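Tertiary structure, described
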Amino acid sequence: HRLDKDTSGIMVVAKNEISYLNLVSQLKNRKVKRSYLALVVGEPLFGSTINEPIGRHSKLRTKQAVNTKGKEAITTFKIQEKLNGYSLLNVSLETGRTHQIRVHLAFIGFPILGDSVYGGRKKFAAGTSESLKKEISKFPRQALHAEKLEFTHPASGKLVNYSAEKPKDLINLIELLNKSL
C-alpha cells in the first residue's frame, strides 16, 4: 500500500515480514477498505462506480491510462459537496492500480484539481474568475487525500480503523471555493 507523490493522508506500514505478507494478502483479497477525498473540476450529476481496466499509457510510459489490455480497476465515488463548478468527492477503491483514482476521474471528465499529470492542473470550471484561477493555481499538488483505512490487524486479528484529518491546505482550498459561491 502506498500513496502517490503529492497525495496527503494515511497509509499502513508493516513492522515485520509476517505482518507485511498478511497485509499484502488482505490487499490482494480486497479486504482492506481505503477511502479518499478528491476535489475535482466539474460537478458529476450523481455518484458512480467506474469499472475500467488500467494499464500503462501507450505513448507516455510514465503515465497510466484506461486501457483494454490493462488490469481490472474499480473505483466508487459519492458526491460530498458541490462547489460552483467543482466537487468534493468521497472515493473508495475496490482494487489498487497505480494512479487509479486520478486516472479514473480524469477518464470520466472530472480531473482532480491540481493534478499536473492527468489534466487537473490546467483545467478550471466554466465561469471561474481570473482571480480565483490565480488562487487555485497556487495549490501545490493534486487535491487528493487518503482519509480512512480499515483492515484486520495482522497480530491481533481485530478489525482496525484509522483516519487522517483533512490537511490545512485542502481545507483552505475548499473554503476558497465556498467563498466563490
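Okay, so let's go over this structure. What you see is a predicted model, and the numbers here were worked out from it, not measured in a lab.

Parameters and conventions
- Residues numbered from 1 in each chain as written.
- Predicted model: local features only at pLDDT ≥ 70, side-chain atom pairs only at ≥ 80, totals over all residues.
- Heavy atoms only, no water.
- Helix = DSSP H or I, 4+ residues; strand = E, 2+ residues; numbered from the N terminus.
- Rg over C-alpha atoms; globule rule 2.2 N^0.38 Å.
- Buried < 20%, exposed > 50% of the residue type's maximum accessible area, 1.4 Å probe, protein only.
- Contact = heavy atoms within 4.5 Å.
- Areas by Shrake-Rupley, 256 points an atom, 1.4 Å probe, with all protein chains shown as cover.
- Lys, Arg positive; Asp, Glu negative; His and termini not counted.
- Charge placed at Lys NZ, Arg CZ, Asp CG, Glu CD.
- Polar contact = N/O pair within 3.5 Å; in protein donor to acceptor, adjacent residues only side chain to side chain.
- Salt bridge = Lys/Arg side-chain N within 4 Å of Asp/Glu carboxyl O.
- Pairing = 2+ DSSP bridges.
- Core = buried A, V, L, I, M, F, W, Y, C linked by side-chain atoms within 4.5 Å.

Description of the overall build of the chain
The secondary structure content of the chain amounts to 4 helices and 9 strands. Helices and strands in the chain line up, N terminus first, as β-α-β-β-β-β-β-β-α-α-β-β-α. Computed over its C-alpha atoms, the radius of gyration of the chain comes to 17 Å, within 12% of the 16 Å expected for a compact globule of 181 residues. In the chain, which comprises 181 residues, the share counted as buried stands at 41%. Taking the intrachain contacts of the chain between residues at least 6 apart in sequence as the baseline, contacts between residues at least 24 apart amount to 65%. With an accessible surface of roughly 10,400 Å², the chain has 51% of that area assigned to carbon and sulfur atoms. For the chain, the distance from the average site of its 30 positive side-chain charges to the average site of its 16 negative ones is 6 Å.

Here's the deal with the environment of glycine 47
By the secondary structure assignment, glycine 47 is in the loop between β2 (33–41) and β3 (48–51). Along the sequence, glycine 47 and arginine 121 sit 74 residues apart, while their C-alpha atoms lie 23 Å from each other.

What about the side chain of arginine 141?
Tracing the sequence through the fold places arginine 141 in the loop between α3 (130–137) and β8 (144–152). Looking at arginine 141, its side chain comes within polar contact range of the main-chain oxygen of aspartate 6, at 3.4 Å. If we ignore the near neighbours within four places in the chain, the residues touching arginine 141 are Asp6, Thr7, Ser8, Leu113, Gly114, Arg121, Pro167, Asp169 and Leu170.

Things to note about the pattern of salt bridges
Scanning the model with the defined rule gives 8 salt bridges in all. For arginine 30, the salt bridge goes to glutamate 72, with nearest N and O atoms at 2.5 Å. Placement of arginine 30 in the loop between α1 (17–28) and β2 and of glutamate 72 in the loop between β5 (64–66) and β6 (74–82) is noted, with a sequence separation of 42 residues between them. Taking relative accessible area as the criterion, glutamate 72 reaches 39% and is therefore assigned partly exposed. Look at the salt bridges and you will find they share partners, linking Asp4, Arg102 and Asp115 into a network.

Here's the deal with the pairing of strand β9 (residues 159–163)
In this sheet, β9 lies alongside β8 in antiparallel orientation, the contact comprising 5 bridges. For threonine 152, the partnering residue across the bridge sits in β9 and is leucine 159. Linkage of β8 to β9, two consecutive antiparallel strands, is achieved through a turn of 6 residues, within which glycine 157 is found at a positive phi near 80 degrees.

Points about the nonpolar core
Core analysis: the largest hydrophobic core is formed by 38 residues, its most contacted members being Leu39, Leu105 and Leu113. Only β2, β7 (86–93), α2 (100–107), α3, β8 and α4 (168–179) provide two or more residues apiece to this core. Among the elements that make up this core, the one with the highest residue count is β2 (6 residues). Excluding its chain neighbours within four sequence positions, the residues that come into contact with leucine 39 are Leu83, Ser87, Leu88, Pro111, Ile112, Leu113, Ala143, Leu170, Leu173, Ile174 and Leu177.

Describing unusual backbone geometry
Positive phi, close to 70 degrees, is recorded for aspartate 6, a residue that is not glycine. Looking at the secondary structure, you find aspartate 6 in the segment before β1 (8–9). For asparagine 84, which is not glycine, the phi torsion reads 55 degrees and is therefore positive. Along the chain, asparagine 84 turns up in the loop between β6 and β7. Judged by its relative accessible area of 44%, asparagine 84 falls in the partly exposed class.

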